[in-house]
Amino acid sequence: MSVLDLLLVLARSRFFIVGTMVVFGCLGGLYAASTSETYTAEATVIREGQDASGAVGESALRRLGVGGGNAGGGGLGPGSYPQILKTREVRLAVARDTFSFPEVDEPMTYIEYANRPTEISWLGALLDYTVWLPWTLRDALTGTPVEKDEATVYPTPEEERAMRAVKGKVETKIEGRFMVISTTTRAPELSAELTKSFIRHLTDRVQDLRTRRTERNLEFVKEKYREAKKKLRAAEERLASFIDRNQNIRSAELRNQRNRLDRRVQQQLKLYNDWQSQLTQAEIELQRSEPVVTTVEAPVPPSDPSGPGTKLLLIVSLIFGLFLGVAGAFMRAFFQHAADESDEEVQAKVEELKRSSVPERLRRLKLSRQNE
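Here the residue numbering is sequential within each chain, running from 1 through the sequence in written order. Local features are withheld for residues below a pLDDT of 70 in this predicted model, meaning they are given only at 70 or higher, and side-chain atom pairs are given and counted only at 80 or more; totals for whole chains, interfaces and linings count all residues. Excluded from the side-chain calculation are hydrogens and water; included are all heavy atoms of the structure.

1. Quick word on the overall build of the protein chain
Then, in step 1: Helix and strand counts for the protein chain stand at 14 helices and six strands.
Then, in step 2: Per-residue accessibility, obtained with a 1.4 Å probe over protein chains only, is compared with the maximum for each type, and a residue is labelled buried under 20%, exposed over 50%, and partly exposed between these values. A burial count over the protein chain gives 29% of its 372 residues as buried.
Then, in step 3: Considering only contacts within the protein chain whose residues lie at least 6 apart along the sequence, 76% involve residues at least 24 apart. Each helix corresponds to a stretch of at least 4 residues labelled H or I by DSSP, and each strand to a stretch of at least 2 residues labelled E; elements are numbered beginning at the N terminus. In what follows, residue pairs with any heavy atoms lying within 4.5 Å of each other are defined as contacts.

2. Notes on the confidence of the model for the protein chain
Then, in step 1: As a per-residue measure, pLDDT tells how confident the predictor is, with possible values from 0 to 100. Considering every residue of the protein chain, the mean pLDDT works out to 77; 71% of them sit at 70 or more.
Then, in step 2: A low-confidence stretch, residues 51–74 stays under pLDDT 50, and its non-local contacts, those more than four residues away or across chains, total 46 contacts.

3. Considerations on the nonpolar core
Soluble globular proteins tend to pack their nonpolar side chains together in the buried interior.
Then, in step 1: To define a nonpolar core, start from buried Ala, Val, Leu, Ile, Met, Phe, Trp, Tyr and Cys residues and group those joined through side-chain atoms within 4.5 Å. Counting residues in each nonpolar core, the largest one holds 29 residues, and the members touching the most others are Phe 101, Tyr 110, Ile 181 and Leu 202.
Then, in step 2: Of all the secondary structure elements, the ones that give two or more residues to this core are β1 (39–47), α4 (81–85), α5 (88–95), α6 (110–114), α9 (157–167), β5 (178–185) and α10 (188–245).
Then, in step 3: With six residues, the top contributor of residues to this core is α10.
Then, in step 4: If near-sequence neighbours (up to four positions away) are discounted, Leu 202 is found in contact with Tyr 81, Ile 84, Leu 85, Val 90, Met 179, Ile 181 and Val 293.

4. Some remarks on the packing of aromatic side chains
Then, in step 1: Pairs were defined over the aromatic rings of Phe, Tyr and Trp, the Trp ring being its six-membered one, requiring ring centres within 6.5 Å. Orientation was assigned from the angle between planes: stacked under 30 degrees, edge-to-face over 60, tilted for the rest. Within the structure shown, the criterion is met by eight aromatic pairs.
Then, in step 2: On the basis of an interplanar angle of 0 degrees and a centroid distance of 3.9 Å, the ring pair of Phe 101 and Tyr 113 is categorised as stacked. Residue Phe 101 is found in the loop between β2 (98–99) and β3 (108–109), and its partner Tyr 113 is found in helix α6; the two are separated by 12 residues along the sequence. The same class applies to Phe 101 as to Tyr 113, namely buried.
Then, in step 3: A ring pair is formed by Phe 220 and Trp 275, whose centres lie 6.2 Å apart and whose planes are at 75 degrees; its orientation type is edge-to-face. Of the two residues, Phe 220 sits in helix α10 while Trp 275 sits in helix α11 (residues 252–287), which places them 55 residues apart along the sequence. Across the pair, Trp 275 and Phe 220 agree in class, each one buried.

5. Section: the sheet that holds strand β4 (residues 170–175)
Then, in step 1: DSSP-based pairing: two strands are paired if at least 2 bridges between them are found. Ordered in space as β4-β5-β1-β6, the four strands form an open sheet in which the pairing is antiparallel. A single partner strand is all that each edge strand has here, and the edge strands are β4 and β6 (293–297). Here the average twist between neighbouring strands, direction ignored, is 30 degrees.
Then, in step 2: In this sheet, β5 lies alongside β1 in antiparallel orientation, the contact comprising eight bridges. In the sheet register, Glu 42 faces β5, and the bridge partner there is Ser 182.
Then, in step 3: Note on definitions: angles span 0 to 180 degrees between N-to-C directions of axes, and those axes are lines fitted to C-alpha atoms, for helices only across the stretch in contact. Helix-sheet contacts for α10 involve β1, β4, β5 and β6, and the interaxial angle to β5 is about 140 degrees.

6. As for the pattern of salt bridges
Then, in step 1: Each salt bridge in this description consists of a side-chain nitrogen of Lys or Arg and a carboxyl oxygen of Asp or Glu lying within 4 Å of one another. Evaluation of the coordinates by the stated rule reveals 13 salt bridges.
Then, in step 2: Among the salt bridges present, the one from Glu 171 reaches Lys 86, with a minimum N-O distance of 3.8 Å. Residue Glu 171 is located in strand β4, and its partner Lys 86 is located in the loop between α4 and α5; the two are separated by 85 residues in the primary sequence.
Then, in step 3: Since its relative accessible area comes to 43%, Glu 171 is described here as partly exposed.
Then, in step 4: On the basis of relative accessible area, Lys 86 is assigned to the partly exposed category, the value being 27%.
Then, in step 5: Linking Arg 258 and Asp 262 is a salt bridge whose minimum nitrogen-to-oxygen distance equals 3.2 Å. Here Arg 258 and its partner Asp 262 are both found in helix α11, four residues apart, which amounts to about one turn of the helix.
Then, in step 6: When its relative accessible area of 27% is taken as the criterion, Arg 258 is described as partly exposed.

7. A word on the packing of α5 against α9
Then, in step 1: The contact between α5 and α9 brings their axes to 9 Å, and the two run at 100 degrees. Here α9 runs roughly perpendicular to α5, going by the angle between their axes. Of the residues in α9, those touching α5 at Arg 88, Arg 91, Leu 92 and Ala 95 are Glu 159, Ala 162, Met 163, Arg 164, Val 166 and Lys 167.
Then, in step 2: Residue classes follow a fixed rule: Ala, Val, Leu, Ile, Met, Phe, Trp, Tyr, Cys and Pro count as nonpolar, while Asp, Glu, Lys and Arg count as charged, and any other residue, Gly among them, counts as polar. Partitioned by chemical class, the residues of the contact of α5 with α9 number five nonpolar, no polar and five charged. Any angle from 65 to 115 degrees is called roughly perpendicular, while one under 35 is roughly parallel, one over 145 is roughly antiparallel, and all others are oblique.

8. A look at a nonpolar patch on the surface
Then, in step 1: On the surface, a nonpolar cluster with roughly 300 Å² of combined accessible area is contributed by Val 23, Leu 27 and Leu 30.
Then, in step 2: Topologically, Val 23 is positioned in helix α2 (residues 14–34). Nonpolar side chains (Val, Leu, Ile, Met, Phe, Trp, Tyr) within 5 Å and like charges within 9 Å form the patches, drawn only from residues with over 30% relative accessible area and no salt bridge. Areas reported here follow the Shrake-Rupley algorithm with a probe of radius 1.4 Å; residue values treat only the protein chains shown as occluding.

9. Quick notes on α5
Then, in step 1: Those residues of α5 lying buried are Val 90, Arg 91, Leu 92, Val 94 and Ala 95.
Then, in step 2: Each element contacted by the buried residues of α5 is listed here: α4, β2, β3, α6, α9 and α10.

10. Focus on the pairing of β5
Then, in step 1: Burial analysis of β5 places six of its eight residues in the buried class, the great majority of the element.
Then, in step 2: Here β4 runs beside β5; their pairing, made up of six bridges, is antiparallel. Counted as the bridge partner of Glu 175 is Phe 178 from β5.
Then, in step 3: What sits between the antiparallel neighbours β4 and β5 is a turn of two residues, in which Gly 176 has the positive phi angle 70 degrees.

Have a look at this one:
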């Protein structure tokens, strides 16, 4: 086929191509019109790494020959902050916070907002009983749960629904020691408040994990301190008993035994002083509260929407419709041209193409209808 033939195909199928573009353009426009504008609020924070303050006396414990295994390990590094931000504990704490939503008059928690009674559109009802049917049946069979304590391990179905909602609205991006936390909603003020809530509860969660770690370190050091104190007392008692039994030491063997007991007491005294120092450091560390997330750029309500781009979506829909229209026009012209040809080889290729593109079951059904 020449270029003139290609242009002739486009000219003959112009109404089909334009119709396809109009259909997809209308679909894209309806989708853009039904989707509200979204606003993204961002905040930049510094992830404070866990240094010596996060593992109490770890280097000193290594010097004592313990290795610090029970006293710290690798520490809670900044690389874990994005995962901690989306954990169940943080999301549940955010969902229990109170926000001002544009659709409601009074402030409410995100749990109340996510489970508020709303008017169900025909499209929403269709999705609930088709695509979301398993979740619809689950909610219907679960029913309303009993009241649980605030510190419950297992959230209620209402809390789970709110947690899924807030998880889909927050994103993180790592830039060196900096972490960008962004939240996207349909209201600029709500986006900023959600971002602040995530930062606050991330800080609380990391601080809580570090506090638990420090408490474990403190218990470990206390145990070692008690053992050292007990061994020191036993060594001193053995030395005192030896002195009471041997007032006038003249033999070399007794002097050597006395020296060994003295060295044993000095060794246990050194260990006792070291563990006592570590115990004091651990107790101070437990009382000290350090910031784990420092806000460099606080979130503010964005002035411009971040999406969806109505014009861009409409243009993409028109281009997609144009592509499908042109492809359909050439495919139709090709089959018509091949059907008009008398060449048996061309006819055989066309038939093979039809057989490979149409399922065998449909071909048999069509043939049976034609025979009837």
